[in-house]
Amino acid sequence: QVQVAESGGGLVQPGGSLTLSCAASGSIFSIHDMGWYRQAPGKQRELVAIITSTHMTNYADAVKGRFASIRDNDKNTVLLQMYALKPEDTAVYYCYAHLSPGRLEPFRTYWGQGTQVTVSS
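For every chain, the first residue of the written sequence is number 1, and numbering continues from 1 onward in sequence order. With pLDDT at 70 or above as the cut-off, local features in this predicted model cover only qualifying residues; side-chain atom pairs require 80 or more to be listed or tallied, and sums for whole chains, interfaces and linings still use all residues. Water and hydrogen atoms were dropped before computing side-chain values, which therefore reflect all heavy atoms in the structure.

A.B. asks: Provide a residue-level description of the packing of aromatic side chains, including the pertinent values.
C.D. replies: Stacked, edge-to-face and tilted labels apply to pairs of Phe, Tyr and Trp rings (six-membered ring for Trp) whose centres lie within 6.5 Å, assigned for plane angles under 30 degrees, over 60, and everything in between, in that order. Taken as a whole and judged by the stated rule, the model has three aromatic pairs. The interplanar angle of 70 degrees and the centroid separation of 5.4 Å between the aromatic rings of Tyr 37 and Trp 111 together place this pair among those described as edge-to-face. Remark: Trp 111 occurs in strand 10 (residues 108-111) and Tyr 37 occurs in strand 4 (residues 30-39); sequence separation between them is 74 residues. Accessibility here uses a 1.4 Å probe with only protein chains present; expressed as a share of the type maximum, an area under 20% marks a residue as buried, one over 50% as exposed, and anything in between as partly exposed. Residue classification places Tyr 37 among the partly exposed residues on the basis of a relative accessible area of 25%. The class for Trp 111 is partly exposed, based on a relative accessible area of 36%. Arranged with centres 5.5 Å apart and planes meeting at 45 degrees, the rings of Tyr 96 and Trp 111 form a pair that is tilted. Here a strand is any run of E in DSSP of at least two residues, a helix any run of H or I of at least four, and the numbering for each starts at the N terminus.

Put into structure tokens, the structure is as follows:
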């Protein structure tokens, strides 16, 4: 069984920094992409960052230059380092991993439960 779990959310003042962590665990054969989405109240879930198994990254325009994602393939973990946070970054942040749980198993996307990030003074 595969689990994806995030941690590190919380309350931070505008201009502050926060780092989210995500770990995929359980029966894992191979992981392609890992990344982050977020969903603000009343809005659709949106992509924040993608990081491939070769550490190539892609970021949403709204976070480019402020967010950075780092991946450890040995530990099946990914970090989302967030700087210069703005009130509009307030959302529930979800981690995902696109992986195969077995050599003959198809790849599918597994999601974490989400962690709340609130940017407010």
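A.B. asks: I'd like to hear about the pairing of strand 3 (residues 18-26), residue by residue, with values.
C.D. replies: In the sheet, strand 1 (residues 2-7) pairs with strand 3 via six bridges, with the strands oriented antiparallel. Among the inter-strand pairings, Ala 5 is bridged to a residue of strand 3, identified as Ala 23. DSSP-based pairing: two strands are paired if at least 2 bridges between them are found. When strand 3 meets strand 8 (residues 77-82), the two strands line up antiparallel, connected through six bridges. Residue pairing across strands places Thr 19 opposite Gln 81, the latter belonging to strand 8.

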